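Structural features, examined
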Amino acid sequence: MSTINLTLLMKPGCHLCDDAATVVSSVVEALPEIPIEIEGKNIEDDVDLFAAYWDQIPVLMINGKVHNYWRIDPERLTKALKELS
């Protein structure tokens with residue numbers, strides 16, 4: 001089973017980003033049998049990410065593809081991760 005890479009695009013002071021990080025962490029903790037790596041990226045540190053996603057953050061990517069933005073649904077994320085494992 002290969003590792004699933006989650007990338008959470010966010011920026012400081014974003015309450016939706018904080019909520020999304022909490023949801024992602026909770027879902028990953030509930031799936032210890034699936035190898036998952038989480039990376040957070042501040043869009044203010046990357047001009048390209050900022051240009052592409054400034055109006056959609058937080059954005060959650062799974063293996064480099066956008067999974068969801070604004071509000072992360074824990075059930076939808078769980079289902080997606082189980083399907084990939």
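Refer to the preceding data block for the structure.
Summary of the structure given here. The structure presented is a predicted model; accordingly, all values stated were derived computationally and were not measured.

Considerations on the pattern of salt bridges
Evaluated as defined, the whole model comprises 1 salt bridge. Across the salt bridge formed by Lys 79 and Glu 83, the nearest N and O atoms sit 3.9 Å from each other. Of this pair, Lys 79 and Glu 83 are both found in helix α3 (residues 74-84), 4 residues apart, which corresponds to roughly one turn of the helix. What makes Lys 79 exposed here is its relative accessible area of 53%. A relative accessible area of 58% places Glu 83 in the exposed class.

Some words on the state of the cysteines
Here the structure, examined in full by the defined rule, presents 1 disulfide. Each disulfide pairs two cysteine sulfurs, and for Cys 14 the partner residue is Cys 17, the sulfurs being separated by 2.4 Å. With the S-S dihedral at roughly 80 degrees, the linkage between Cys 14 and Cys 17 falls on the right-handed side. Assessed through its relative accessible area of 1%, Cys 17 is described here as buried.

Some thoughts on the pairing of strand β4 (residues 65-69)
Both strand β3 (residues 59-62) and β4 contribute to a ladder of 4 bridges, which runs antiparallel. From the neighbouring strand, Met 61 faces β4, where its bridge partner is Val 66. Taking the residues between adjacent antiparallel strands as the criterion, β3 and β4 are bridged by 2 residues, where Asn 63 takes a positive phi near 50 degrees.

Some thoughts on the packing of aromatic side chains
On inspection of all chains with the given rule, the structure shows 1 aromatic pair. Seen from their ring centres, Tyr 69 and Trp 70 are 4.7 Å apart, and the 75 degrees between their planes marks the pair as edge-to-face. Residue Trp 70 is classed as partly exposed on the basis of its relative accessible area of 43%.

What to know about the pairing of strand β2 (residues 36-42)
Relative to β2, strand β1 (residues 4-10) runs parallel, the two being bridged by 7 bridges. Each bridged residue has a counterpart across the sheet, and for Leu 8 the counterpart in β2 is Gly 40. One crossover worth recording links β1 to the parallel β2 by way of helix α1 (residues 15-29), and it is right-handed.

Here we look at α1
Compared with the 21 Å implied by 1.5 Å per residue over 15 residues, the 21 Å span of α1 between its first and last C-alpha is a close match. Every buried residue of α1 is accounted for by Leu 16, Cys 17, Ala 20, Val 24, Val 27 and Val 28. Down the axis of α1, the buried set is contained in an arc of 100 degrees. They therefore lie on one face. Pointing more than 90 degrees away from the buried face of α1 are the exposed residues His 15, Asp 18 and Glu 29. Taken together, the buried residues of α1 touch β1, β2, β3 and α3.

Cut-offs used in this document
Residues numbered from 1 in each chain as written. Predicted model: local features only at pLDDT ≥ 70, side-chain atom pairs only at ≥ 80, totals over all residues. Heavy atoms only, no water. Salt bridge = Lys/Arg side-chain N within 4 Å of Asp/Glu carboxyl O. Helix = DSSP H or I, 4+ residues; strand = E, 2+ residues; numbered from the N terminus. Buried < 20%, exposed > 50% of the residue type's maximum accessible area, 1.4 Å probe, protein only. Disulfide = S-S within 2.5 Å. Pairing = 2+ DSSP bridges. Phe/Tyr/Trp six-rings, centres within 6.5 Å; stacked < 30°, edge-to-face > 60°. Right-handed = clockwise from strand over helix to strand, strands pointing away. Expected span 1.5 Å × (residues − 1). Arc of directions from axis to C-beta. Contact = heavy atoms within 4.5 Å.

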